[in-house]
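Next come the chains, spelled out residue by residue.
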Amino acid sequence: MTDAINRRRKIQNTVWLTLTGVASLLVVVPLILIFYHLISSGAGALNVAFFTRLPAPVGETGGGMANALLGTAQLVFYAGLFGIPIAVAVGVFMAEAGRTRFGSFVRLVADVMNGIPSIVVGIFVWAWVVVAMGGFSLLAGAIALAVMLIPMVARTTEEMVRLVPKELREGGQALGFTRWRTTLGIVLPAAKSGILTGVLVALARIAGETAPLLFTAFGNPFWEWRLNEPVASLPLLIYQYAISPYDDWHRQAWAASLVLIGLVLVVNVLARSIFKNPYRSR
Amino acid sequence: MKEELRKLAGPAAFVFLLAGCWSSDTPGDAAAGGETAEGAAGQVTLTGAGATFPYPIYSRWFSLYSESNPVRVNYQSIGSGGGIRQMIEGTVDFGATDAPLTDEDLASIPGTLSIPTVLGAVVVTYNLPELTTPLQLDGETTAAIFLGEIANWQDPRIAALNPGVTLPEQDIIPVHRSDGSGTTYVFTDYLTAVSPVFTSRVGRGNAVSWPTGLGARGNEGVTGQVRQTPGSVGYVEQVYARQNDLPMASIRNAAGEFVAPGIEATTAAAVGIEARIPENNDFRLSIVNAGGPGAYPIASWTYLLISPHMEDCARATALLELVEWALMEGEGDAVALGYAPLTMEIRVRAMNALKVVTCGPENRPVIDPAETFGGIEWPSRSFGALFPKDAGGQSG
Amino acid sequence: MASRAETTPGGAPPAAPKKSLRALVPSRARGNLADQVYGTLLQGCGLILPLLFGFMILQIGREAWFAVSTFGGGFVTSSSWNPVSGEFGALPFIYGTIVSSFLALAIAVPLSVGLAIFLTELAPLWLARPIAFATELLAAIPSVVYGLWGIFVLVPFLRSTIQEPLSEALGGVIPFFAGPAYGFSILSGAVIISIMIVPFISAVAREVLEAVPRDQREAALALGATRWEMTWHVALPYALPGIIGGSILGLGRALGETMAVTMVIGNRPDIPVSLFAPGYTMASVLANEFAEATGDLYLSALMEIALILFGITLVVNVLAQLLVWRVSKRGGQA
């Protein structure tokens, strides 16, 4: 009798554990499929024209996404410019005041803000900036991306600052440093590689955001440097081209996606190489 | 690695900041006299938004024009509803719509001119690769399809209109616009004219409540969906169907003949429209359900929305010169794509209507009131040569 | 060094008031002024996020007020979305959002937990690392790229492999499978969301599974349990609160997903029973119709939808945070 039960248990064991393997396969398969299509459909369109030419009129082939590449770079740059200082300051606050009620509250707000749908952020910035400025603009798009960036980087900054061992702090205080000098002069520099990692990863994430840009940056078929004019961006063009009927546009959309993903990959690898945590006891 | 990044960051930041702060041509930049300094090398940038119906020709026009003139036009095709809305919000220099402004909308932007630019047609396109000849449909059947009353391609009502054609046994998947669309307006304008059931159940408008089917964004989106979905049927501007080699149904017009979409058929639909334009040049007119010989029943022209007063004279001048070029010399490009040209009389009247536009704080007229207009005529006979495939399908 | 600690930060404050202030402070606490300034500045920085958040609610709420006062509670129960007649009801979008998100959760949670178990219990290191990396990569793919892939790969696949056969075979019997095989449907939306939230749920699941104390596991195995029995009866129950928290976090993300969903869900403001029919989510209608809502009521109605979406994700996220916080307080994490 026990043999029968044990046999059944063994079979159950094998079945369920195999199922977990199947689950893992099911998760990895879409990734492989996505990359397969990115490369097979997109690599072919990654030619010089793609990187250097402006979009062609509707229905014509031969255009490129040069201005969208620049536009995304600008959006990310300005978003970082506005957002990173604020985020780091908030992160330091959360790390220092983390145990107080106010600090925990701010942390909750940051986590909640990380979960706000990006389209809602876009609508908020539309109501605030676009309406006030009287038009769509690079600035509005950058602000929308900054609003998404700040809670992300604030949290990672907090975690990195927390990771700095308290011996360093105590060493500073033993030497007579006041609190602010300890934080700014010892703790922050010690945490800086971790903070940089968090910043890079967040910048890569916002580079791919589309929804916040729909009603802020709006789009532009030309080169644009000015802050108060609409600007093109890679994700917006991918969206526009993907839902269109033109094969040439589809190919360009795949190519642009490949570029975006390549960027994200590069940043993630970079982040890992920068942040070799000497403090983690793993 | 880190060091290299840091070295790059500085110069990159410097370049961006410098470029971003160097701003000329800011909107609403009203220096004395209403004349603003034009941007680098006299560049004027215009922003426009609206209809997807004319987007192929607008993007072509703006690209051509900027090659030999220092004017850049940033036109975003977000649908007629979007064009009207952005005009009301004042975020663009001009709008574009196929749906005429309602009196309500006009009340928010009083005096806005609706200037026709080209004639186009809304075609019923479908994804049935088995069919070798275009489908024939009439108004009531089309309405029934989009109402969901006809759910299969083998329905007897469709078969009756297409004798001798083997229709596939397949579900019909209608595709409509999910955004505020002038194309929807024109299509529903036609359907409400020919089907009382459609009028009571759906009605006419930019954004109506469709009983069934998929929603897609822009003419581009509907065309894309129809291409992707077997058995689907959608309504798009003619040029989109042509550019993507999609079949177009021949629709039975008010005179009883099945008319295939084409430039001549569109032009035939607009015959006599000049007489209907009132003295005050209010161009908001409908030409659907036309009954003349060879007239395609779902045709319309499309409008540019231009404000009667613009603060920035450089932009106002640039815009109106662009419109003049497009109307007087650009109709050929429209024809090459598949739109039908406006007659010279309409084009001249449109330019004359623009004479009321003023600019700057002293309200000076942009166009000299004494100016006269002339350009290239487009005789309607020669279109067959441009689109030889049409010659076979046309009846009349 | 010590003398520099005595100078105050930032700029050149006027000498006279400085002196008297410093005179009040006992010499050994002289650095305190700088610290106080620093402390106050930092507290000020702390206010930034709550202020921004409050500002967000204010802006959207203000714009939505017109619709709120016009439609009242009927807004969330009415299913007519008719810009022509001015009737707006959010029910179809709430329905679409909830159905697609929960269906996505139903698909994603078993997959994520299975993946987590596989990675913590079974997989050798040479396999676990790449799979873990691959899962993280899934999280890094932008939503619009998922949408692109969805349109050209997922939707045709679902249409021909799942929807057509199922609707032909079972469509008459099971209303969830009825109707034509649109392809662009609630099912496609749910599947694509599920792929997108798996990385988040599985990351949390892995962490809590790894945190199960070794002695608990080993005790079960020592008593003769098979690996699976140990996982099911010991590890999973221990990890359950965390997994639930992670799932709710995944739900929060699912509710707010915009681009990928808009591109594959069919964009029809309807309340279909069939999963194969097109639907509409709150985020999608905002993306599609916001730029062109003419008329104040239309715009305000959309703003109200934004507010509702905001509210729902807020509640879900706070819930998830509290759960995860409670789990970590329980002593799970180092």
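Residues numbered from 1 in each chain as written. Chains lettered and ligands numbered in written order. Predicted model: local features only at pLDDT ≥ 70, side-chain atom pairs only at ≥ 80, totals over all residues.

**Student:** What is the right way to read the overall build of chain A from this model?
**Tutor:** A tally of regular secondary structure across chain A gives 10 helices and zero strands. Starting at the N terminus and ending at the C terminus, chain A contains elements arranged as α-α-α-α-α-α-α-α-α-α. A globule of 282 residues ought to have a C-alpha radius of gyration of about 19 Å, yet chain A, at 24 Å, is considerably larger. With respect to the principal axes defined by its C-alpha atoms, chain A has extents near 75 × 65 × 35 Å. Expressed as a percentage of the 282 residues in chain A, the buried residues total 54%. (Helix = DSSP H or I, 4+ residues; strand = E, 2+ residues; numbered from the N terminus. Rg over C-alpha atoms; globule rule 2.2 N^0.38 Å. Buried ≥ 20, exposed ≤ 12 C-beta atoms within 10 Å, placed from the backbone.)

**Student:** Explain the overall build of chain C to me, please; I cannot follow it from the model alone.
**Tutor:** Scanning chain C for helices and strands turns up 12 helices and two strands. Scanning chain C from its N terminus toward the C terminus, one meets helices and strands in the order α-α-α-β-β-α-α-α-α-α-α-α-α-α. The 334 residues of chain C split such that 49% are buried. Considering only residue pairs separated by 6 or more positions, chain C has 76% of its internal contacts joining residues 24 or more positions apart. (Contact = placed C-beta atoms within 7 Å.)

**Student:** Got a minute to help me understand the sheet that holds strand S12 (residues 309-310) of chain B in this structure?
**Tutor:** Backbone-to-backbone hydrogen bonds join strands into a sheet, with any given pair of strands oriented parallel or antiparallel. All names here are of chain B. Spatially, three strands are ordered S12-S13-S14 in an open sheet, and the strand pairing comes out mixed. On the outer flanks of this sheet lie S12 and strand S14 (364-365), each paired with one strand and no other. Across two bridges, the pairing between strand S13 (residues 358-359) and S14 is antiparallel. Note that in S14 the partner of cysteine 359 across the bridge is arginine 364. (Pairing = 2+ DSSP bridges.)

**Student:** What's the story with unusual backbone geometry in this structure? I'm lost.
**Tutor:** With glycine set apart, most residues show a phi of negative sign, and most peptide bonds adopt trans. Its identity is not glycine, yet phenylalanine 218 of chain A carries a phi of approximately 75°, on the positive side. Mapped onto the elements, phenylalanine 218 of chain A comes out in the loop between helix H8 (179-207) and helix H9 (234-242).

**Student:** Looking at this structure, how should I read the interface of chain C and chain B?
**Tutor:** By a frequent convention, interface size equals the accessible area lost on bringing the separate parts together. Contact with chain C, which involves 20 residues of that partner, is made by 25 residues of chain B. Of all the secondary-structure elements, those providing two or more residues to the side of chain C that touches chain B are strand S1 (81-82) and helix H11 (282-289) of chain C. For the side of chain C that touches chain B, the per-class residue count stands at 10 nonpolar, seven polar and three charged. (Nonpolar A, V, L, I, M, F, W, Y, C, P; charged D, E, K, R; others polar.)

**Student:** I'm lost on the environment of asparagine 363 of chain B in this one. Help?
**Tutor:** All names here are of chain B. Secondary-structure assignment places asparagine 363 in the loop between S13 and S14. A residue is classified by how many C-beta atoms lie within 10 Å of it, and asparagine 363, with 10 of them, is exposed. Sequence separation between asparagine 363 and cysteine 313 is 50 residues, and the spatial gap between their C-alpha atoms is 9.6 Å. Among all residues touching asparagine 363, those that are not within four sequence positions of it are His309 and Thr358.

**Student:** Explain the confidence of the model for chain C to me, please; I cannot follow it from the model alone.
**Tutor:** Low-confidence regions, as indicated by low pLDDT, have predicted coordinates that should not be scrutinised in detail. Residues and elements named next belong to chain C. The predicted model of chain C has a mean per-residue pLDDT of 84, with 89% of residues at 70 or higher. Note on residues 1-8: pLDDT is under 50 here. Beyond four places in sequence and across chains, it has 11 contacts. Per-residue pLDDT stays below 50 along residues 10-18; that stretch engages in two contacts with residues further than four places along the chain or on separate chains. This prediction of the complex comes with two scores: 0.86 for pTM and 0.91 for ipTM. (pLDDT = per-residue confidence, 0-100.)

**Student:** What is the right way to read the interface of chain C and chain A from this model?
**Tutor:** Contacts between the two partners involve 65 residues from chain C and, on the opposite side, 71 residues from chain A. Per-element accounting of the side of chain C that touches chain A gives the leading share, 15 residues, to helix H2 (residues 32-71) of chain C.

**Student:** Looking at this structure, how should I read the sheet that holds strand S9 (residues 250-252) of chain B?
**Tutor:** Residue and element names in this part refer to chain B. Judged by pairing direction, the sheet is mixed, and its three strands sit side by side in the order S5-S9-S10 without closing on themselves. The sheet terminates laterally at strand S5 (136-137) and strand S10 (258-259), the two strands that pair on one side only. Pairing between S9 and S10: two bridges, direction antiparallel. Along S10, the bridge assignment pairs arginine 252 with phenylalanine 258.

**Student:** For this particular structure, what's the right way to read the pairing of strand S1 (residues 44-50) of chain B?
**Tutor:** Consecutive residues of a regular strand have side chains that alternate between opposite faces of the sheet. Residues and elements named next belong to chain B. In terms of burial, S1 is a largely internal element, seven of the seven residues being buried. A two-sided burial pattern is seen for S1, the buried positions comprising Val44, Leu46, Gly48 and Gly50 on one face and Thr45, Thr47 and Ala49 on the other. As a crossover connection, the stretch from S1 through helix H2 (residues 55-68) into strand S2 (residues 71-77) is right-handed. As paired elements, S1 and strand S3 (residues 94-97) share three bridges and run parallel to each other. Among the inter-strand pairings, alanine 49 is bridged to a residue of S3, identified as glycine 95. (Right-handed = clockwise from strand over helix to strand, strands pointing away.)

**Student:** Quick question: what am I supposed to make of the packing of helix H3 (residues 66-96) of chain A against H2 of chain C here?
**Tutor:** Helix-helix packing: each pair is described by the crossing angle between the helix axes and the interaxial distance. As a packed pair, H3 of chain A and H2 of chain C sit with axes 8 Å apart at the nearest point and diverge in direction by 110°. Classified by the interaxial angle, the pair formed by H3 of chain A and H2 of chain C is roughly perpendicular. Of the two elements, H3 of chain A crosses H2 of chain C, and the hand of that crossing is left-handed. Contact with H3 of chain A, carried on its side by Ile86, Ala89, Val90, Val92, Phe93 and Glu96 of chain A, involves Leu42, Cys45, Gly46, Ile48 and Leu49 of chain C of H2 of chain C and no other residues of that element. Its residues assigned to classes, the contact of H3 of chain A with H2 of chain C shows nine nonpolar, one polar and one charged. (Axes fitted to C-alpha atoms, helices over the stretch in contact; angles between N-to-C directions. Parallel < 35°, antiparallel > 145°, perpendicular 65-115°, else oblique. Left-handed = near helix turned anticlockwise from the far one by under 90°.)

**Student:** Help me understand the nonpolar core, please; the structure alone is not making it clear to me.
**Tutor:** Grouped burial of nonpolar side chains is what soluble globular proteins tend to show. Counting 308 residues, the largest nonpolar core has Ile123, Leu149 and Ile238 of chain A together with Leu286 and Ala306 of chain C as the members making the most contacts within it. Take this core: its biggest share by element is 17 residues, from helix H6 (residues 138-163) of chain A. When neighbours within four sequence positions are excluded, leucine 149 of chain A is seen to be in contact with Ala79, Gly80, Gly83, Ala87, Ala202 and Ile206 of chain A. (Core = buried A, V, L, I, M, F, W, Y, C linked by C-beta atoms within 7 Å.)

**Student:** Sorry if this is basic, but what is going on with the domain arrangement of chain A here?
**Tutor:** Residues and elements named next belong to chain A. When its domains are assigned, chain A resolves into domain 1 (2-45) and domain 2 (51-274). Distance between the C-alpha centres of domain 1 and domain 2: 34 Å. Taken residue by residue, the interface counts seven residues in domain 1 and seven residues in domain 2. Its residues assigned to classes, the side of domain 1 that touches domain 2 comprises four nonpolar, three polar and no charged. (Domains from an automatic or database assignment.)

**Student:** It is not clear to me how the pairing of strand S11 (residues 299-306) of chain B should be interpreted in this structure. Could you clarify?
**Tutor:** Residue and element names in this part refer to chain B. Taken across its eight residues, S11 has eight buried, putting it largely inside the fold. The pairing of S3 with S11 spans four bridges and is antiparallel. By the bridge assignment, glycine 95 is partnered in S11 with leucine 305. Inspection of the sheet shows strand S4 (residues 113-126) paired to S11 by eight bridges, in the antiparallel sense.

**Student:** Teacher, can you tell me more about the packing of helix H5 (residues 118-133) of chain A against H6 of chain A here?
**Tutor:** All names here are of chain A. Direction vectors running N to C along H5 and H6 enclose 140°, while the axes themselves pass 9 Å from each other. When the interaxial angle is binned, H5 and H6 end up oblique. You can see that H5 and H6 cross each other, and the crossing is right-handed. Facing Ser118, Val121, Gly122, Val125, Val129, Val130 and Met133 of H5, the residues of H6 in contact are Leu139, Ala140, Ile143, Ala144, Val147 and Met148. In the contact of H5 with H6, the residues fall into 11 nonpolar, two polar and no charged.

**Student:** Please explain helix H15 (residues 344-353) of chain B as it appears in this structure.
**Tutor:** For an α-helix, the turn length of 3.6 residues means that residues three or four places apart are oriented alike. Residue and element names in this part refer to chain B. All of the buried residues along H15 are Arg347, Ala350 and Met351. Down the axis, H15 shows its buried residues gathered within 95° of arc, on one side only. At its buried positions, H15 is contacted by S4 and helix H13 (313-329). (Arc of directions from axis to C-beta.)

**Student:** How do you make sense of H9 of chain A when you look at a structure like this?
**Tutor:** With nine of its nine residues buried, H9 of chain A lies for the most part within the structure. Among all positions of H9 of chain A, only Leu234, Pro235, Leu236, Leu237, Ile238, Tyr239, Gln240, Tyr241 and Ala242 of chain A are buried. Those residues of H9 of chain A hidden inside the fold are in contact with H3 and helix H10 (247-274) of chain A together with helix H6 (143-170) and helix H10 (259-264) of chain C.

**Student:** Just checking my understanding: could you explain the environment of isoleucine 94 of chain C for this structure?
**Tutor:** Residues and elements named next belong to chain C. As for its position among the elements, isoleucine 94 is in helix H4 (residues 91-122). As for isoleucine 94 and valine 109, which are separated by 15 residues in sequence, their C-alpha atoms are 22 Å apart. For isoleucine 94, the contacting residues outside a window of four places in its chain are Val76 and Met282.

**Student:** Would you mind showing me how to read the environment of serine 232 of chain B here?
**Tutor:** Residue and element names in this part refer to chain B. For serine 232, the position within the fold is in strand S8 (residues 232-237). Here the alpha-carbon distance between serine 232 and glycine 292, two residues 60 residues apart in the chain, equals 30 Å. If we ignore the near neighbours within four places in the chain, the residues touching serine 232 are Tyr126, Asn127, Ile173, Val175, Gln225 and Val226.

**Student:** How should I be thinking about the confidence of the model for chain A in this particular structure?
**Tutor:** Confidence in the prediction of chain A, expressed as mean pLDDT, is 89, and 97% of residues score 70 or more. Below pLDDT 50 for its whole length, residues 278-282 of chain A participates in two contacts with residues either more than four positions away or in separate chains.

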